[in-house]
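The residues making up each chain are set out below.
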Amino acid sequence: MPSSPFDAKTIDDVRSYWNARPCNIRHSNKEVGTKEYFDEVEKRKYFVEPHIPLFAEFDRWRGKKVLEVGCGIGTDTISFARAGADVTAVDLSDESLKIAARRAEVFGLTDRIRFYRANAEELSSTVPVERYDLVYSFGVIHHTPHPRAAIEQIKKYMDAESLLKLMVYHRISWKVGAILASRGFRFWALDKWIAENSEAQTGCPVTYTYTKRSVETLLSGMTIESMFVDHIFPYDVEKYKAYIYIYIWYFNILPRPFFRFLERRLGWHLCVNARLPGGKGE
Ligand SMILES: C[S@@+](CC[C@H](N)C(=O)[O-])C[C@H]1O[C@@H](n2cnc3c(N)ncnc32)[C@H](O)[C@@H]1O
């Protein structure tokens, strides 16, 4: 009997999916690999997801060691390096890593970033085990078939002073509600529908979602310092694809403070700060 909805999925399924369409690759229609392209990708990402820089606190890591698990095409990687951190960035997807490495070249940050192609579930078999000030993983662990294995690996790179900043998808969210509604409230296939529809490209092989309670289980053995939810995507998707930012009518008529209220309760991103036990915050 399978014990998770994604037991039949392999790490190769996950790699193939992200190789076929690296995350955020269409955030600009400029030529991939150019400075203009990367500038637009960054601008769009932080415009649509303004909570990311607030959560990552890039400037806080100047002169510190950051391990980024699942760097994708490297938007946050560059932000950490540009802020003065010494970054190790890991991803499963060769295509994503190629773009991220090119990005480091374009911005003259190659001496601040080491890239590894590695599976987070077996991180220590590729990435030398050393202590990091920050382990950062935004939108990644929920896409691996065995998230708990990835967390156990991440712990090897932390000591009592290290911080883990983790974002996983939130189950009690507007997005999950919308997916469920679009599928006629067929709760029994919910995990399958979520994975199908969680990303810009349909058919993601693995997408787990977490409640505040179940993320505690995922991180068991660690101390959760804080967590919050944020991010409801409010834009008309067709216009968004054309780089036009217009709210869907029902979000448009909501007073902005009420929309923010909803985001902080039913947002899609569950952002967690956690440490190993005995760790002391700053
Ligand atoms: C939604 S993207 C997020 C990328 C990046 N963190 C960002 O915010 O732009 C998910 C990324 O996780 C990577 N990934 C998924 N499973 C992984 C694993 N087991 N090990 C390493 N990377 C993984 C994928 O290749 C993909 O680049």
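Residues numbered from 1 in each chain as written. Predicted model: local features only at pLDDT ≥ 70, side-chain atom pairs only at ≥ 80, totals over all residues.

1. Concerning the sheet that holds strand 4 (residues 134-138)
Then, number 1: Taken in spatial order, the seven strands of this open sheet run 3-2-1-4-5-7-6, and their pairing is mixed. Only two strands of the sheet have a single partner each, and these edge strands are strand 3 (113-117) and strand 6 (223-230). Neighbour-to-neighbour, the strand axes of this sheet turn through a mean angle of 15°, independent of strand direction.
Then, number 2: Where strand 2 (residues 86-91) and strand 3 come together, five bridges link them in parallel fashion. Residue pairing in the sheet places Ala 89 in a bridge with Phe 115 of strand 3.
Then, number 3: Sheet contacts for helix 5 (residues 94-106): strand 2 and strand 3; angle to strand 3, the most-contacted strand, approximately 170°. (Pairing = 2+ DSSP bridges. Helix = DSSP H or I, 4+ residues; strand = E, 2+ residues; numbered from the N terminus. Axes fitted to C-alpha atoms, helices over the stretch in contact; angles between N-to-C directions. Contact = placed C-beta atoms within 7 Å.)

2. Section: the site of the ligand
Then, number 1: Surveying the vicinity of the ligand reveals 22 residues, the closest of which are Trp 18, Cys 23, Gly 70, Gly 72 and Ala 120.
Then, number 2: When residues of the shell around the ligand are traced back to their parent elements, those giving at least two are helix 1 (11-20), helix 4 (75-82) and strand 2.
Then, number 3: Taken together, the residues of the shell around the ligand sort by class into nine nonpolar, 10 polar and three charged. (Near = placed C-beta within 6 Å. Nonpolar A, V, L, I, M, F, W, Y, C, P; charged D, E, K, R; others polar.)

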